[in-house]
Amino acid sequence: MSSSNDVKNEHNNTEKGSLVLPEQLLPPNLFILPIQNNIVFPTLMVPLLVTQPRFVATIEEAISRQRMLGLILTRQGEVTEDLQPKDLYDVGVIVKILKRLKMPDGTVNLLVHSMKRFRIKKILSDRPYIVVETEYIEDIVEKSTEMDALTRAVVSNVKKLSEVNPFFTEEMRLAMINAPGAATVADLVAFALALSKQDSQEFLETLSVKKRFEMLLVHLKREQEVADVQKKISEDVNSKINKMQREFFLKEQLKTIKKELGVEEEGKGKTSRTFKQRIEDAGMPEEAKKIALEELEKFDGLSEHSPEYNVCRNYLEMLCSLPWSQETKDNLDLKCARQVLDADHYGLEKVKERIIEFLAVRKLKQDPKGSILCFIGPPGVGKTSVGKSIAKTLGRKFYRFSLGGMRDEAEIKGHRRTYIGAMPGKVIQGIKRAGSLNSVLMLDEVDKLGQSFMGDPASALLEVLDPEQNHAFLDHYLDVPFDLSKILFICTANNTSTIPPALLDRMEIIELPGYTLEEKEEIALKFVFPKELNEHGLKPNNLKIERTALRRMMLDYAREPGLRNLQQLFRKICRKVAAQIVEANTLGKSVIITEENLITWLGPKRFYNEIAERITSPGVVVGLAWTTLGGDILFIEALDVPGTGNLKLTGQMGEVMLESAAIAWSYVKKKAAQEFKLNLDYFKNRDFHLHIPAGSIPKDGPSAGVTMATAMYSLLSGRLAKQKFAMSGELSLIGKVLPVGGIKEKILAARRAGLTDIILPKLNEKDIPEIPKYALKGINLHYIAHVDEAIDLALNIKRKLSLKTHPQILRLKKKKITRTRSFQTMPQSESQRVTKSYKR
């Protein structure tokens, strides 16, 4: 780079050696070529590309005349065909066309030499060419000490920038040395800085060379700051790269040294060898092994700093951790299995028999498929604990996970590895944690699966629970088939209505309807009560409970079909006894819970035997209902008031129950009109209201049809229903009684409520053998085929038949039986025959 004295000497030279032509040789009028990029400052030679046909023609015209053009920047936007002179700045530069090259597409490449600044004096033409009258502008050069200082400052900054800026090269330094004056130096530096469009135009319009240097210093300062930051970034990057390279070389050398010395390898190499050994020992199928080895080969080629490194390692870790060939040996001793089941659970004979059958088949056939069981029952009956006992009986490993509220299909089948944080589904994770290919997997709350835009988990379970498909289950994360056929799947649910039919069809349903009072009493004394004593730090002699008190607890405080509420009551008593022992320091003293002091420990009763209090007027009948929590009793109440013949139904009845109420009302209205000789005006002038408490609980189903008909008939006849009588059955329009479900739950609910007589459909008689005999103790079952039988039983109606109307009575007339004789006064065999004939 030249010194400031060199520049000063060149500045003191005359314009004799200048490349610029004398002003008298410059044309007064110029063809204008608009440009949209940075301006070409005087004394510089640059190439230009002209694409617009209008301005290509302008170039041709200028060459044919004087080979000179005026270059002016556009104020805004690009150069277009319809550009007007008003869209251009007023100051530009005159250039001489040194070379022209026509391109095949019609565009023109120019090499021009910029000569001098000019200002537009007058617009001579704007079509087809822009022609202006020019006024050439002279630079204002000042000779002063300040000018020398500015020149030196500019040269110094350019010298610094030459180290980092590619524009400030050796050629640039030579050009500055050979510049004809200070003005040329300023223009040359400005062009090298690649100023913005506005800054370039401002610099072009500045005539004072001193002001140009001042402007240059500002831009040079900014450029130097940018260059410094760029240099720092470059140094940091190079430093990191050098450090990584250095570490890599050192690690490679360390590996070589350890290999020569026989020292155990560490890091990635050791991990790769471990993975390879685990893949060989895992017993994978050929397809899975092939994919694992390919993934291991990919893992070997990855750097530890690569984002794919951990993804690949986690995948290999999952593949190697799965029990591809690990199985536990089943305990096939049926006698031992029965003892284990009896020791863990009281009752539940159906479940126990199914497990014994499974073991028997397993003993006869060494390689059977797994099973899919589904336990249906109310909460607290032991569905989950039964699953654990099954695994214990078989000698298998057990894993449980809940499906309640699950809405994403990927929770079952896993996420694809393209997602960040991807992982296998719950099934594969459960098998990994169980660590056995023939483990017991419990899918809890299968009836509470959700569904959303992310997929349907119930549909994803179809492949898992289908014995024809799950031998090659494909998890999205693993992306290799995995055999689930040896898994014993156990599902639990409270209700089958919310389980999709396709999924329900793949499972073997085993119902756990609930416990009888006798079963609950035995379970509480043998299992629940000792467990709670142990959990609260009490010994058997610290707290005792009488059987009468336990029975009263179940009747007045915990009428649920399961044992959870009873367990909570035991906890409450144990906490109070523990506090009493600690406060009074009476560890050796025994506390006895009796029926008399039960209210002291548990507070007021939660349930009352309200049947006698509720059935105090005609129109009230007790019905039986089934819920997801077990069986329950409900009261159906009927009332009539003056009105217009409307039937009002309340108590949050569902659509099916509303239809049952309409059928019952149609039948009873016709029957009452015939038997009581009621005309149509009676029904037109009264409103009938049917209500089922409690009003806040939704109810639905057809099984209350017989009960509603009996309640309506009780209202119209004025007869009071029998105490401790309950019924259930679907009613048809012609009075036929159809079968219903949940018989065991309903009978248990009636027994808990203290009822003694139950009316059931004749077609449900087949369900009674499944109910334990002790659960029917104290219960009288009445089977009916027609609703009239239920009405007669519940309302205690003893019907009489005229001798003129019944053929059996006509035959008895010969035996001198009076016309008004009832069936109850006949001999038993004759009365039964007449009753059967009458029912037909």
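Just so you know, these numbers come straight off a predicted model, no measurement behind them.

Our focus in this paragraph is the overall build of the protein. If you tally the helices and strands in the protein, you get 29 helices and 24 strands. Going through the 840 residues of the protein one by one, you find that 46% of them count as buried. Split by element, the accessible area of the protein, about 43,800 Å² in all, is 52% carbon and sulfur.

Here we take up helix 10 (residues 307-321). Its 15 residues place the ends of helix 10 22 Å apart at the C-alpha level, agreeing with the 21 Å of an ideal helix rising 1.5 Å per residue. Residues of helix 10 that are buried: Tyr309, Cys312, Tyr315, Leu316, Met318, Leu319 and Cys320.

Of all six residues in strand 12 (residues 488-493), six are buried, a share of seventy percent or more. Of the two faces of strand 12, both are covered, the one formed by Leu488, Ile490 and Thr492 as well as the one formed by Phe489, Cys491 and Ala493. Pairing analysis gives five bridges linking strand 7 (residues 372-376) to strand 12, with the strands arranged parallel. Looking at the pairing, Ile376 lines up with Ala493 of strand 12. Pairing geometry for strand 9 (residues 440-444) and strand 12, over four bridges, is parallel.

Across the protein, pLDDT averages 80, with 88% of residues at or above 70. Taken as a whole, residues 1-20 scores under 50 in pLDDT and shows 26 contacts with residues more than four places along the chain or in a different chain. In this model, residues 800-840 is a region of pLDDT below 50 whose contacts with residues beyond four sequence positions or in other chains number 38 contacts.

Our focus in this paragraph is a nonpolar patch on the surface. Taken together, the side chains of Val229, Ile233, Val237 and Ile241 present a nonpolar region at the surface, about 340 Å² in accessible area. Secondary-structure assignment places Val229 in helix 7 (residues 209-261).

Below, the discussion takes up helix 13 (residues 383-394). For helix 13, built from twelve residues, the straight-helix expectation of 16 Å at 1.5 Å per residue is met to within 8% by its first-to-last C-alpha distance of 17 Å. By the burial criterion, the buried members of helix 13 are Lys383, Val386, Gly387, Ser389, Ile390, Ala391, Thr393 and Leu394. Those residues of helix 13 that are buried lie in contact with helix 11 (334-344), helix 12 (349-364), strand 7, strand 8 (398-402), strand 9 and strand 12. The first or second residue beyond helix 13 is Gly395, which carries a positive phi of 75 degrees.

Our next topic: the packing of aromatic side chains. In the structure shown here, the tally under the stated rule is 13 aromatic pairs. Consider the rings of Phe529 and Phe570, whose centres lie 5.2 Å apart with planes at 55 degrees: the pair is tilted. In this pair, Phe529 is assigned in helix 18 (residues 517-535) and Phe570 in helix 20 (residues 564-584), connecting sequence segments 41 residues apart. The exposure class of Phe570 is buried, given its relative accessible area of 1%. Between Phe683 and Phe688 the ring centres are 6.1 Å apart and the planes differ by 40 degrees, which places this aromatic pair in the tilted class. Like Phe688, Phe683 is buried.

Their axes nearest at 10 Å, the elements helix 5 (residues 182-193) and helix 7 cross at an angle of 30 degrees. The angle between helix 5 and helix 7 falls in the class roughly parallel. Of the two elements, helix 5 crosses helix 7, and the hand of that crossing is left-handed. Contacts between helix 5 and helix 7 involve Ala182, Ala183, Ala186, Asp187, Val189, Ala190 and Leu193 on the former and, on the latter, Val209, Arg212, Phe213, Leu216, His219, Leu220 and Glu223. Of the residues that constitute the contact of helix 5 with helix 7, the class distribution is ten nonpolar, one polar and three charged.

As a further point, take the pairing of strand 4 (residues 91-102). Relative to strand 4, strand 3 (residues 68-73) runs antiparallel, the two sharing four bridges. Bridged to Gly70 within strand 4 is Ile94. As paired strands, strand 4 and strand 5 (residues 108-125) are joined by eleven bridges and run antiparallel to one another. Each residue of the ladder has a partner; that of Lys102, found in strand 5, is Val108. Linking strand 4 to strand 5, which pair antiparallel, is a turn of five residues; within it Gly106 sits at a positive phi near 95 degrees.

Arg127 connects to Pro128 through a cis peptide bond whose omega is -10 degrees. Structurally, Pro128 can be placed in the loop between strand 5 and strand 6 (131-136). The backbone of Thr43 sits at a positive phi, close to 80 degrees, despite the residue not being glycine. The class for Thr43 is partly exposed, based on a relative accessible area of 22%.

Thresholds, definitions, all that
- Residues numbered from 1 in each chain as written.
- Predicted model: local features only at pLDDT ≥ 70, side-chain atom pairs only at ≥ 80, totals over all residues.
- Heavy atoms only, no water.
- Helix = DSSP H or I, 4+ residues; strand = E, 2+ residues; numbered from the N terminus.
- Buried < 20%, exposed > 50% of the residue type's maximum accessible area, 1.4 Å probe, protein only.
- Areas by Shrake-Rupley, 256 points an atom, 1.4 Å probe, with all protein chains shown as cover.
- Expected span 1.5 Å × (residues − 1).
- Pairing = 2+ DSSP bridges.
- pLDDT = per-residue confidence, 0-100.
- Contact = heavy atoms within 4.5 Å.
- Patch = residues over 30% accessible without salt bridge, like charges linked within 9 Å, V, L, I, M, F, W, Y side chains within 5 Å.
- Salt bridge = Lys/Arg side-chain N within 4 Å of Asp/Glu carboxyl O.
- Phe/Tyr/Trp six-rings, centres within 6.5 Å; stacked < 30°, edge-to-face > 60°.
- Axes fitted to C-alpha atoms, helices over the stretch in contact; angles between N-to-C directions.
- Parallel < 35°, antiparallel > 145°, perpendicular 65-115°, else oblique.
- Left-handed = near helix turned anticlockwise from the far one by under 90°.
- Nonpolar A, V, L, I, M, F, W, Y, C, P; charged D, E, K, R; others polar.

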